[in-house]
Amino acid sequence: RFPQLSALRQEILNWRFYHQFRSDADSPIRHPQVGVRTPILSHDGHDLAAALQTIIEIGNGPALHRAVARAFPGGELTIEGGGARFSVWLRLPEFKRSFDARELSDGTVRYLCLLAALLSPRPPTVLALNEPETSVHPDLLEPLAELIVSAAEASQFWITTHSSILADAIQRLSGVEPVRL
């Protein structure tokens, strides 16, 4: 009966807000997860492995692998699925073995969540990131800014940050002046 209201509702439901990705040892992000098609990362990232595997299968897998290699030179992301569960693994060239999500730093896990959010096969019309730099190593802020600017071609972004490095990199890459408070 109210098509405009229904259209507005659908538009708002398409918005995504990523406030915080819990990365403590008991976080679901760090443990194997049910492997189902997941084109949209959940707000808390609990379905990270499934979202990354979905990007590899139906999204922009090459962009995901380039982003990992850009952030972790020589690094390789894999999603392993034993049975019905997927787990995240990262191989770094300076080590002889891969590391699963339980062994990765908080910042690395959060960075992988941001990759899944920014490379979603179903980009939102509005994407809000609250302090995406939290626990992320300063060397990863430039690659993160590149991904944000690239993803902004398909979505409107709202980012709050305390990182002048991240804000300046986004400004340099996009030409958009940040609002500084």
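Overview of the structure. (Residues numbered from 1 in each chain as written. Predicted model: local features only at pLDDT ≥ 70, side-chain atom pairs only at ≥ 80, totals over all residues. Heavy atoms only, no water.)

This part is about the side chain of glutamine 33. Here glutamine 33 shows up in strand E2 (residues 33-34). Given a relative accessible area of 7%, glutamine 33 falls into the buried group. Looking at glutamine 33, its side chain comes within polar contact range of the main-chain oxygen of histidine 46, at 3.4 Å. Excluding anything up to four places from it in sequence, glutamine 33 contacts Pro28, His46, Asp47, Leu48, Ala49, Ala50, Ala84, Arg85 and Phe86. (Helix = DSSP H or I, 4+ residues; strand = E, 2+ residues; numbered from the N terminus. Buried < 20%, exposed > 50% of the residue type's maximum accessible area, 1.4 Å probe, protein only. Polar contact = N/O pair within 3.5 Å; in protein donor to acceptor, adjacent residues only side chain to side chain. Contact = heavy atoms within 4.5 Å.)

Let us now look at the nonpolar core. The biggest cluster of nonpolar side chains holds 50 residues, and the ones touching the most others in it are Leu41, Leu48, Val88 and Tyr111. Listed by contribution, the elements that provide at least two residues to this core are helix H2 (48-58), helix H3 (61-71), strand E3 (76-82), strand E4 (85-91), helix H4 (106-118), strand E6 (126-130), helix H5 (141-151) and helix H6 (164-174). Counting residues per element, this core draws most heavily on H4, at 9 residues. Beyond its immediate chain neighbours, meaning those up to four positions away, leucine 48 contacts Ile29, Gln33, Leu41, Val88, Val109, Leu112, Cys113 and Ala116. (Core = buried A, V, L, I, M, F, W, Y, C linked by side-chain atoms within 4.5 Å.)

Under the defined criterion, the tally for this structure stands at 8 salt bridges. Taking the shortest distance from any N to any O, the salt bridge between arginine 22 and aspartate 24 comes out at 2.5 Å. On the accessibility criterion, arginine 22 (39% relative accessible area) is partly exposed. Here aspartate 24 falls in the partly exposed class, since its relative accessible area comes to 32%. Across the pair arginine 102 and aspartate 100 runs a salt bridge whose closest N-O atoms are separated by 2.5 Å. Judged by its relative accessible area of 47%, arginine 102 is partly exposed. Under the relative-accessibility criterion, aspartate 100 is labelled buried at 6%. (Salt bridge = Lys/Arg side-chain N within 4 Å of Asp/Glu carboxyl O.)

Quick look at the environment of glutamate 103 now. Turning to its location among the elements, glutamate 103 is positioned in the loop between strand E5 (98-100) and H4. When its relative accessible area of 39% is taken as the criterion, glutamate 103 is described as partly exposed. Sequence spacing of glutamate 103 and aspartate 47 is 56 residues, and the spatial spacing of their C-alpha atoms is 17 Å. Engagement of the side chain of glutamate 103 in a polar contact is seen with the side chain of arginine 97, the distance being 2.7 Å.

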